[in-house]
Amino acid sequence: VQLQASGGGLVQAGGSLRLSCAASGYALGSYVMGWFRQAPGKEREFVAGIGSGGRTYYAASVQGRFTISRDNAKNTVFLQMNSLKPEDTAVYYCATNWRFSRRWSEYDYWGQGTLVTVSS
């Protein structure tokens with residue numbers, strides 16, 4: 001199982017970015033996919049998740065601004081981030097697990113992370 005995250009970058013506050021996480025070695029459509037982030041000096045935190053049936057989950061801090069989706073044919077999950085704020089600055093990671101959890105420690109496989117920097 002390999003996960004490859006991409007799409008990070010530098011954006012001004014109020015802007016948008018779209019992160020992608022491409023999976024290989026397994027069919028991600030059968031598993032939960034999650035996005036987590038870790039800011040400097042802070043613990044890794046849950047951002048968004050999507051179940052195999054398409055149910056979505058969000059952290060309160062991103063609800064209404066971020067949208068998680070998946071394209072099973074492309075074996076890829078996306079995180080559309082709108083109305084970005086400086087506090088969204090972090091390294092974003094995708095991860096997969098057989099069941100949904102907001103705890104990063106319960107996810108078995110991780111992508112390498114992609115840096116998102118939001119300037120004020």
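Above this text you will find the structure in question.
Now for a quick tour of the structure. Keep in mind the model is a prediction, meaning the values are calculated, not measured.

**Some details on the sheet that holds strand β8 (residues 76-81)**
And then number 1: Within the open sheet, the 4 strands sit side by side as β1-β3-β8-β7. Their pairing is antiparallel. The open sheet has two free edges, formed respectively by β1 (2-6) and β7 (66-71), since each of these has just one partner strand. Each strand of the sheet is rotated relative to its neighbour by a mean of 15 degrees, with strand direction disregarded.
And then number 2: Here strand β3 (residues 17-24) runs beside β8; their pairing, made up of 6 bridges, is antiparallel. Bridge pairing in β8 places Arg18 opposite Gln80.

**Describing the pattern of salt bridges**
And then number 1: Applying the stated rule across the entire model yields 5 salt bridges.
And then number 2: In this structure, the salt-bridge partner of Asp88 is Arg65, at a minimum N-O distance of 2.7 Å. Pair noted here: Asp88 is in the loop between β8 and β9 (90-97) and Arg65 is in the loop between β6 (56-58) and β7, with a separation of 23 residues, a long-range link.
And then number 3: With a closest N to O distance of 3.9 Å, Glu106 and Arg99 form a salt bridge.
And then number 4: Exposure remark for Arg99: the relative accessible area of 44% places this residue in the partly exposed category.
And then number 5: Three or more residues joined by partner-sharing salt bridges are found here, namely Arg37, Glu45, Arg65 and Asp88.

Calculation notes
- Residues numbered from 1 in each chain as written.
- Predicted model: local features only at pLDDT ≥ 70, side-chain atom pairs only at ≥ 80, totals over all residues.
- Heavy atoms only, no water.
- Pairing = 2+ DSSP bridges.
- Helix = DSSP H or I, 4+ residues; strand = E, 2+ residues; numbered from the N terminus.
- Axes fitted to C-alpha atoms, helices over the stretch in contact; angles between N-to-C directions.
- Salt bridge = Lys/Arg side-chain N within 4 Å of Asp/Glu carboxyl O.
- Buried < 20%, exposed > 50% of the residue type's maximum accessible area, 1.4 Å probe, protein only.

These figures come from the coordinates and say nothing about function on their own.
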